[in-house]
Amino acid sequence: MAKLKKRYVCQACGSVSSQWAGQCADCGEWNQLVEDSGANVTPFQAKHNLQSGGRAIMLTGLNTDIALPERTSTGIAEFDRALGGGFVEGSATLIGGDPGIGKSTLLLQAAASIASRGLKVAYVSGEEAADQVRLRARRLGLGKAPVMLAAATSVRDILTTMGEGEPPALLIIDSIQTMHSDLIEGAPGTVSQVRASSGELIRFAKERGTAVVLVGHVTKDGSIAGPRVLEHMVDTVLAFEGERSHQYRILRAVKNRFGGTDEIGVFAMQSEGLEEVSNPSALFLTQRDESVTGTVVFPALEGTRPVLIEVQALTVRLASGATPRRAVVGWDSARLSMILAVLEARCGLSFSTCEVYLNIAGGYRVQDPAADLAVAAALVSALSERPIPADAVVFGEIALSGEVRPVAHGALRCREASKLGFGRAMAPMAQVNDKGGLSLAGFKSLAQFVDHLLGR
């Protein structure tokens with residue numbers, strides 16, 4: 001039979017010792033070690049049972065009053081909007097985007113703005129030399145900003161340098177795929193290296209109160225390269241989106257432990273860098289003097305910000321027997337198939353002999369379900385060659401039964417359209433009171449809406 005072992009617990013700090021001593025080796029208190037007679041265990045139990053042998057942790061109530069986390073404004077209103085108000089002390093932020101989209105430019109502008117207010121900012125580049133970053137800053141008109149630059153890839157060297165003296169308020173790592181930890185074998189960019197390097201940088205952020213920003217590469221499908229656990233480790237994940245052929249850029253929060261994920265920041269790429277766009281609707285609306293078939297204006301909602309975009313549809317009739325195409329840019333192709341099926345089953349409109357092309361103007365990507373009615377209006381207009389009034393906006397969700405369902409914040413969408421000169425709106429019947437300064441026409445079903453467009 002295994003011999004029972006005694007243990008002695010310090011009444012001051014809770015440390016456990018296998019033998020009695022006059023002074024606790026952990027806290028230094030005298031005559032505090034007391035035999036724990038009720039916890040005698042065998043060596044097997046001590047090794048395989050986790051219900052004893054540890055230190056007691058402190059538990060606090062959920063209703064305990066705490067202060068809100070302090071935020072550091074970036075000086076860029078659109079950046080702050082996506083972050084939820086600015087960088088939080090001790091937070092870790094991951095920003096990803098396509099090559100050349102403007103990640104480094106945006107972070108350099110934010111770093112210069114924060115450093116100009118007297119805060120310590122460090123920018124560590126693992127892809128470029130310090131002189132290259134300095135030349136870009138001069139091109140952007142930020143050459144005199146007191147930002148500390150370095151070109152390094154060793155996490156140990158970076159943290160040793162940052163730990164000397166006062167830690168920086170903001171530390172930018174560009175990029176995490178180039179960082180290397182000597183605790184792990186492998187080349188930079190591998191799964192183990194990215195995970196280990198990120199873990200060390202995040203631990204430094206939590207211990208020293210530094211806001212750390214990690215720039216991440218993306219794969220061909222647009223997801224951030226490296227292990228998926230990287231997105232779980234950080235506090236905030238930002239996606240910098242946009243087409244390189246268009247001047248606009250959208251900063252979208254995918255994950256945010258300190259704020260919402262429903263806000264976006266809109267920027268325009270200029271020769272002097274990224275500029276804020278206070279009125280994004282101006283980027284996505286086509287200026288036209290007369291109505292065009294297959295074109296509808298839809299008031300999309302990104303968080304608390306309405307953005308008016310243009311939905312364009314084109315139908316081309318084919319010879320009998322040909323297989324029609326369905327091409328979509330900026331919207332869900334499966335949802336387009338659903339709208340086409342509802343139009344045919346509930347409204348008697350057939351698109352089986354037509355090629356259908358759908359485009360969201362300006363390269364914008366729509367995820368709002370309220371776009372269903374606008375897409376249906378564009379398709380009906382293109383098929384019947386009847387234009388939608390140029391001063392009208394359309395929004396609403398379509399059910400498989402053909403019902404037009406209400407959507408969130410109808411009054412806010414209408415107010416934004418009214419500010420930009422639109423005079424009427426076509427929406428679900430349940431939202432006829434959400435006029436927002438517009439003349440609103442409500443519809444209960446998609447068939448009723450189609451009859452209105454076709455003048456039946």
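Each value, and the rule that gives it
- Residues numbered from 1 in each chain as written.
- Predicted model: local features only at pLDDT ≥ 70, side-chain atom pairs only at ≥ 80, totals over all residues.
- Heavy atoms only, no water.
- Pairing = 2+ DSSP bridges.
- Helix = DSSP H or I, 4+ residues; strand = E, 2+ residues; numbered from the N terminus.
- Right-handed = clockwise from strand over helix to strand, strands pointing away.
- Domains from an automatic or database assignment.
- Polar contact = N/O pair within 3.5 Å; in protein donor to acceptor, adjacent residues only side chain to side chain.
- Contact = heavy atoms within 4.5 Å.
- Axes fitted to C-alpha atoms, helices over the stretch in contact; angles between N-to-C directions.

Just checking my understanding: could you explain the pairing of strand β8 (residues 148-151) for this structure?
Looking along a regular strand, one sees side chains alternate from face to face of the sheet. As judged from the four bridges shared by strand β7 (residues 121-125) and β8, these two strands associate in the parallel manner. Bridge pairing in β8 links alanine 122 to methionine 148. Each parallel crossover has a hand, and the one from β7 via helix α4 (residues 130-139) to β8 is right-handed.

Would you mind going over the domain arrangement of the protein chain with me for this structure?
When the parts come together, some accessible area is lost, and that loss is often what is quoted as the size of the interface. With domains assigned, the protein chain is organised as domain 1 (1-37), domain 2 (71-278) and domain 3 (283-454). Inter-centroid distance (C-alpha atoms) of domain 1 to domain 3 is 74 Å.

How do you make sense of the side chain of aspartate 372 when you look at a structure like this?
Structurally, the position occupied by aspartate 372 is in helix α10 (residues 372-384). Among the polar contacts made by the side chain of aspartate 372, one reaches the main-chain amide nitrogen of isoleucine 398 at a distance of 3.3 Å. Among residues more than four places away in sequence, those in contact with aspartate 372 are Trp331, Arg335, Met338, Ile339, Gly396, Glu397 and Ile398.

How should I be thinking about the sheet that holds strand β11 (residues 236-241) in this particular structure?
Sheet strands line up and pair through hydrogen bonds in the backbone, either parallel or antiparallel. Strand order in the open sheet made by the nine strands is β8-β7-β9-β10-β6-β11-β12-β13-β14, with mixed pairing throughout. Both outer strands of the open sheet, β8 and β14 (273-276), are each paired with one neighbouring strand and no more. Direction aside, the axes of adjacent strands within the sheet are offset by 25 degrees on average. In this sheet, β14 lies alongside strand β13 (residues 264-270) in antiparallel orientation, the contact comprising four bridges. Bridging from a neighbouring strand, methionine 269 pairs with leucine 274 of β14. Taken strand by strand, α4 contacts β7 and β8, and its axis lies near 140 degrees from that of β8.

Can you walk me through the environment of lysine 120 in this structure?
Relative to the assigned elements, lysine 120 resides in the loop between α3 (103-115) and β7. Separated by 51 residues in the primary sequence, lysine 120 and leucine 171 have C-alpha atoms spaced 8.9 Å apart. Setting aside residues up to four positions removed in sequence, lysine 120 forms contacts with Glu164, Glu166, Pro167, Pro168, Ala169 and Leu170.

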